[in-house]
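# Working through the structure, step by step
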Amino acid sequence: MTTPIRFGGLASGIDTDTIIKQLMQAERAPVDKLEQKKQTTEWKRDAYREINRSLMTLRNSAVDLMFSRNFYAKTSSSSDESKISVTAGPSSGNSAVRIDSVTQLASSATTILDTVDRNGQKLTNTTKLSDMNGFVSGQKRVIQETSGTELTIPKDLDFSTVVLKDAAGNVLDSTDFAYDAATGKITATNTTNYPGGVIPKDVSASFTSGTGFEVQYKSSTTGTYQKIELGADATVQDLMSQLNSKETGLSAFFESSTGKISLSTKETGATSTIQFDTNFKSAFSMGAVAPTGQNAKFEVNGIEVERASNTTTIDNMTLTLKSTFASGPVTLSAATDTQKIFDNIKGFVDKYNETIDLMNKKTREERFRSFAPLTQAQRDELSEDEIKKWEEKAMSGMLRGDTILRGTMDTLRSKWSGATSTTNDLDMSRLFQIGLSTGSDFTNGGKIELNEEKLKAAIEKDPEQVYKLFTDEETGLLPQIRDTAKDSRETITRIAGADGAGAPTYSMGREMTQMDTRIKRLNDLLIDKENAYYRRFAAMETAMNQANSQAASLQQFLGGGM
């Protein structure tokens, strides 16, 4: 709203602006009190939200600690890392394993393709598939995955153009088969050559459909033949890119200086294999026998073991074979990582104590009631440093003696003393017995005192019992801390809202909205009141102008008659 420009006191000589400003200061007192109340409510809301953020951190910390890995952390070692490395899992025992020998490492199926194009030139990245023997534009192929009485190809084909081949790439006599154009099914009619009408595994049917090229492959990852479709202008580089896609389970490398291609499976082991259709085999001079990988072979504590991968699990320890050796055993051991488990628990205790410290501070903080929030007029008269110091006092004690916070602290404290777990060892059935207690000082709000020596001894003795004391869903500490923090957050959120929450969603927000409405209404009344004052003074100025004018006329009249 634009403030009108006024020129007062021209006739009377009275400073009407100053007089009206002083009058309005008294009129504005109810608005100032309401704005101060709103500011106090905002500060209290923000203090509640600070508590809520801390409770959220505590809850998340409790949830994170509940994972078993935090209580079953293990250290591991290998007597010869150059031969075998080891990582102990959470379920590893405190044990040792002896690897007497490694006679063979696991490897992937690998083959080297060395061929030339149909002009006798070595392959380059830009060699087109159309320039290679074996690739026919538009030729598609269906391969019989398992032996069966039917091989299905597209419908409505000219069967005289379909070429059938066996697994070795030999062309089969089409008169031994029949094709149903309505269903696309091929059946064996010569039961002499195909007993029982069974079409053997890996028999393929080739036919022409559209343009471009099709490559069919099978690896230990896919398990069945998959198709790669390439455009009519596709090059060797395009084929390499497709073979290297994550779905193939293959790694393809083209060495441009030699024109050779290396293909290998991403998986290792005797079951890993690389198989292609006959067109691909013909184009790249690939042998009829599919390459396969090999298993790792080693001896564990005198027992011969075979695995498909060089990384495997023995006695819940993950070991990686790096090289072969015939003698000089490698010893692998695992033990409880006491320090790691202790650090995990201590990290949670620190987070808990930070939350208790904050709530304890807020509920005990002194309230300076004589330091009310500053009005705008008061702020205009103070320096920034003076404003800061004043507001530190004014904001203090917003949650002093708050029953929600006190109730939360009492509940949290009781969870530590009440947490228990069934055990035959009565010296480890309560948290205070393993070095975690709330202490005797009630003024600290229930902060946890941690006895490092006692807790580490308990971890060394029975990490599983320590885990149960913390995580048992009914009587363990962490689920109870998690639920208490959650319940308290929900209570506070109903009052103060979550960060960024809309005012209508929480009680303090609705209260401040009502205050805003009242403040606006009072400000509108103040504007009307101020305008009324100005109208009165203006009327007075008008009257004085008239009186002055009459006096001047009278004086002129009297003077003129002399």
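The present account deals with the structure reproduced in this document. (Residues numbered from 1 in each chain as written. Predicted model: local features only at pLDDT ≥ 70, side-chain atom pairs only at ≥ 80, totals over all residues. Heavy atoms only, no water.)

### So, the nonpolar core
- Ranked by internal contacts, the top residues of the largest apolar core, which has 50 residues, are Ile345, Trp416, Ile434 and Phe470.
- Looking at this core, the elements with two or more residues in it are helix H2 (29-65), helix H5 (338-364), helix H8 (403-418), helix H9 (452-461), helix H10 (463-471), helix H11 (477-496) and helix H12 (507-560).
- The element best represented in this core is H5, accounting for nine residues.
- Contact partners of Ile434, with chain neighbours within four places excluded, come to Met428, Lys454, Leu455, Ala458, Val466, Leu469 and Phe470. (Core = buried A, V, L, I, M, F, W, Y, C linked by side-chain atoms within 4.5 Å. Buried < 20%, exposed > 50% of the residue type's maximum accessible area, 1.4 Å probe, protein only. Helix = DSSP H or I, 4+ residues; strand = E, 2+ residues; numbered from the N terminus. Contact = heavy atoms within 4.5 Å.)

### Considerations on empty space enclosed by the protein
- In total, this model carries one cavity of 30 Å³ or more according to the counting rule given.
- As a volume, the largest cavity reaches approximately 30 Å³.
- When the residues that make up the lining of the largest cavity are grouped by side-chain class, the tally is three nonpolar, three polar and one charged. (1 Å grid on protein atoms, 1.4 Å probe; cavity = no way out; pocket = protein on both sides within 12 Å on 5 of 7 lines; lining within 4 Å. Points joined across faces, edges and corners; volume = space filled by probe spheres on them. Nonpolar A, V, L, I, M, F, W, Y, C, P; charged D, E, K, R; others polar.)

### Quick word on the packing of aromatic side chains
- Following the criterion strictly, the structure yields 13 aromatic pairs and no others.
- Three or more aromatic residues link up through ring pairs in this structure, and these residues are Phe135, Phe213, Phe276, Phe280 and Phe284.
- Against the face of Tyr506 rests Arg49, its NZ or CZ located 5.2 Å from the ring centre.
- Directly above the aromatic system of Phe368 lies the positively charged group of Lys393, at a separation of 4.2 Å from the ring centroid. (Phe/Tyr/Trp six-rings, centres within 6.5 Å; stacked < 30°, edge-to-face > 60°. Lys NZ or Arg CZ within 6 Å of the ring centre and 35° of its normal.)

### What about the pattern of salt bridges?
- By the definition in use, this model includes 20 salt bridges.
- Among the salt bridges present, the one from Glu150 reaches Lys185, with a minimum N-O distance of 3.4 Å. Within this pair, whereas Glu150 is found in the loop between strand E5 (139-143) and strand E6 (151-152), its partner Lys185 is found in strand E9 (residues 185-188), the two being separated by 35 residues in sequence.
- Overall, Glu150 belongs to the partly exposed group, its relative accessible area being 40%.
- Owing to a relative accessible area of 30%, Lys185 belongs among the partly exposed residues under this scheme.
- Glu473 is paired through a salt bridge with Arg482; the nearest N and O atoms lie 2.9 Å apart.
- A relative accessible area of 18% means that Arg482 is categorised as buried.
- Where salt bridges share partners, they join Lys38, Glu42 and Asp516 into one cluster. (Salt bridge = Lys/Arg side-chain N within 4 Å of Asp/Glu carboxyl O.)

### Quick notes on the pairing of strand E11 (residues 213-219)
- E11 sits mainly inside the fold: seven of its seven residues count as buried.
- Both faces of E11 are covered, namely the face carrying Phe213, Val215, Tyr217 and Ser219 and the face carrying Glu214, Gln216 and Lys218.
- The antiparallel pairing of E11 with strand E12 (residues 226-230) creates a hairpin that spans six residues between the two strands, and Gly223 there sits at a positive phi of about 80 degrees.
- Sheet topology places E11 next to strand E15 (residues 274-276); three bridges connect them, and they run antiparallel. Its bridge partner lying in E15, Tyr217 is registered against Phe276. (Pairing = 2+ DSSP bridges.)

### Points about the sheet that holds E12
- Ordered in space as E12-E11-E15, the three strands form an open sheet in which the pairing is antiparallel. Sheet topology places E12 and E15 at the edges, where each strand pairs with a single neighbour. For this sheet the average axis-to-axis angle between neighbouring strands, irrespective of direction, equals 30 degrees.
- With five bridges connecting them, E11 and E12 associate as antiparallel partners. Note on E12: the bridge partner recorded for Val215 is Ile228.
- Across the face of the sheet, helix H3 (residues 236-243) comes into contact with E11, E12 and E15 while running at roughly 145 degrees to E12. (Axes fitted to C-alpha atoms, helices over the stretch in contact; angles between N-to-C directions.)

### Concerning H3
- Of the residues making up H3, those classed as buried are Val236, Leu239, Met240 and Leu243. Down the axis of H3, the sector holding all buried residues measures 100 degrees, keeping them to one side. (Arc of directions from axis to C-beta.)

### Re the side chain of Lys218
- Within the secondary structure, Lys218 is located in strand E11.
- Buried within the structure, Lys218 lacks any salt-bridge partner; its nearest side chain of opposite charge belongs to Glu145, at an N-O separation of 4.2 Å.
- Beyond its immediate stretch of four places on either side in the chain, Lys218 contacts Glu145, Lys201, Gly223, Thr224, Tyr225, Thr273, Ile274 and Gln275. (Lys, Arg positive; Asp, Glu negative; His and termini not counted.)

### Observations concerning unusual backbone geometry
- The backbone of Ser285 shows a phi angle near 55 degrees, a positive value even though the residue is not glycine.
- One non-glycine residue with positive phi stands out, namely Asp315, at about 50 degrees.
- Asp315 sits in the partly exposed class, given a relative accessible area of 42%.

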